[in-house]
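An overview of the molecular structure
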Amino acid sequence: MEKLHYLLLLTLLALTSSLVASAYDPSPLQDFCVAINNPVDGVFVNGKFCKDPKQVKADDFFFPGLNKPGNTAATPQGSAVTPVFVDQLAGLNTLGISFARLDFAPYGLNPPHIHPRGTEILVVVEGSLFVGFVASNQNNNTLFTKVLYPGDVFVFPIGQIHFQLNVGEGNAFAFAGLSSQSPGVITIANAVFGSKPPISADILAKAFQVDKNVISYLQKQFS
């Protein structure tokens, strides 16, 4: 099993490395730009200040712990995402790539969401996942779905609503690579029903063609 996990991880790394060539983020103009929060003697590049290259260390490109499962009990959906974006790994700044581990309790769901700045490529390591994405209005909001098993890979195009559901009786986990150092996450239900300040219930009731009381209930759930 350890060998299988290792081979799957190598496969995903190879796939995600190919995303760099066509990454959504701007191409870097230097070898690296390790992000810092202190602007003193820094240069602002692509959303972050760069550390002085003479002060950069190997740890700036290192992130430990993806061998440990996330806490799926902490969310009502029974899923957990461990991101390795530029905020967690400063060395990713300007490199146009990031990574994540996704864990699922039995029948756990990573609810419909989008990454506004990155394409996602996912490989299942353990368990079975029902995954899918919805195309834009231009393509008639077509739903594309697939059941994935260990070793299977699926890609979610940038900006498309997508989800992953554990359809097995045991735990599941997967790794994902994304074509941005900071792909962003917009969870659809949270954004629509839990915005601050809230979107008018009249607007949402008309948009979803439901009674206003239904909208008010959902806004309370997500507030």
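Calculation criteria
- The written sequence of each chain sets the order in which its residues are numbered from 1.
- Local features in a predicted model are, by the rule used here, given only for residues with pLDDT of at least 70; side-chain atom pairs are given and counted only at 80 or more, and totals for whole chains, interfaces and linings are based on all residues.
- Hydrogen atoms and water are omitted, and side-chain values are computed over all heavy atoms in the structure.
- Segments assigned H or I by DSSP are reported as helices when at least four residues long, segments assigned E as strands when at least two residues long, and all are numbered from the N terminus.
- Each residue gets one of three labels from its accessible area relative to the maximum for its type: buried under 20%, exposed over 50%, partly exposed in between, using a 1.4 Å probe on protein chains only.
- By definition in these notes, contact holds between two residues if any of their heavy atoms fall within 4.5 Å.
- Only the protein chains shown count as covering a residue, and every accessible area follows the Shrake-Rupley method with a 1.4 Å probe.
- Space inside and on the surface of the protein is sampled on a 1 Å grid over the protein atoms alone, with a cavity defined as a set of points where a 1.4 Å probe fits but cannot get out and a pocket as an open set with protein on both sides within 12 Å along at least 5 of 7 lines; lining residues have an atom within 4 Å of a point.
- Grid points are joined across faces, edges and corners, and a volume is the space filled by probe spheres set on the points.
- Residues were grouped as follows: Ala, Val, Leu, Ile, Met, Phe, Trp, Tyr, Cys and Pro as nonpolar; Asp, Glu, Lys and Arg as charged; and all remaining residues, including Gly, as polar.
- For two strands to count as paired, DSSP must find a minimum of two bridges between them.
- Within this scheme, the nonpolar core is defined by two criteria: the residues are buried Ala, Val, Leu, Ile, Met, Phe, Trp, Tyr or Cys, and they are joined through side-chain atoms within 4.5 Å.
- As used here, the arc is the angular range of directions from the helix axis to the C-beta atoms.
- Any pair of nitrogen or oxygen atoms within 3.5 Å is treated as a polar contact; in protein, a donor-acceptor pairing is required on top of that, and neighbouring residues in sequence qualify only through side-chain atoms on both sides.
- The disulfide definition used here is simple: a pair of cysteine sulfur atoms within 2.5 Å.

A few words now on the overall build of the protein. Regarding its fold elements, the protein presents four helices and 13 strands. A buried classification covers 38% of the 223 residues belonging to the protein. Sequence-distant contacts, at least 24 apart, represent 71% of the contacts inside the protein between residues at least 6 apart. When the accessible surface of the protein is totalled, it reaches about 12700 Å², and 59% of it is carbon and sulfur.

Bringing the layout of surface pockets into the picture now. Volume-wise, the largest pocket comes out at about 340 Å³. Along the walls of the largest pocket sit 18 residues, with Val81, Asn110, His113, Val185 and Thr187 positioned nearest its centre. Among the secondary structure elements, those contributing two or more residues to the lining of the largest pocket are strand E4 (79-84), strand E5 (98-104), strand E6 (109-114) and strand E12 (172-178). When the residues that make up the lining of the largest pocket are grouped by side-chain class, the tally is nine nonpolar, eight polar and one charged.

The buried fraction of strand E7 (residues 120-126) is high, at six of seven residues. Relative to E12, E7 runs antiparallel, the two sharing six bridges. For Glu120, the partnering residue across the bridge sits in E12 and is Leu178.

Note on soluble globular proteins: their nonpolar side chains tend to be buried together. Counting residues in each nonpolar core, the largest one holds 14 residues, and the members touching the most others are Leu102, Leu122, Leu129, Val131, Leu148, Phe154 and Phe156. Dropping the residues within four chain positions of it, Leu129 is found in contact with Phe104, Leu122, Val124, Lys146, Val147, Leu148, Leu165, Asn166, Val167, Ala172 and Ala174. The next biggest cluster of nonpolar side chains, apart from the first, holds 12 residues, and it includes Leu66, Val123, Val125 and Phe175.

Further remarks concern helix H3 (residues 201-208). Taken together, the buried positions of H3 are Ala201, Leu204 and Ala205. For H3, the angular spread of the buried residues around the axis is 100°, confining them to a single face. The outward face of H3, more than 90 degrees from its buried face, is lined by the exposed residues Ile203, Lys206 and Ala207. Residues of H3 that are buried make contact with helix H2 (188-193) and helix H4 (212-222). Here H3 starts with a cap whose side-chain oxygen sits 3.2 Å from the backbone nitrogen of Asp202, and that cap is Ser200. Immediately downstream of H3, the backbone of Gln209 shows phi near 55°, a positive value.

Turning to the state of the cysteines, a few remarks are in order. This model, assessed by the stated rule, comprises one disulfide. Across a sulfur-sulfur distance of 1.6 Å, Cys33 and Cys50 are joined as a disulfide pair. In this structure the cystine formed by Cys33 and Cys50 twists about its S-S bond by roughly -85°; its chirality is therefore left-handed. In this pair, Cys33 sits in the loop between helix H1 (2-20) and strand E1 (35-36) while Cys50 sits in strand E3 (residues 48-50), placing the two residues 17 residues apart along the sequence. Each member of the pair, Cys33 together with Cys50, is buried.

Worth remembering: the numbers are spatial, not functional.
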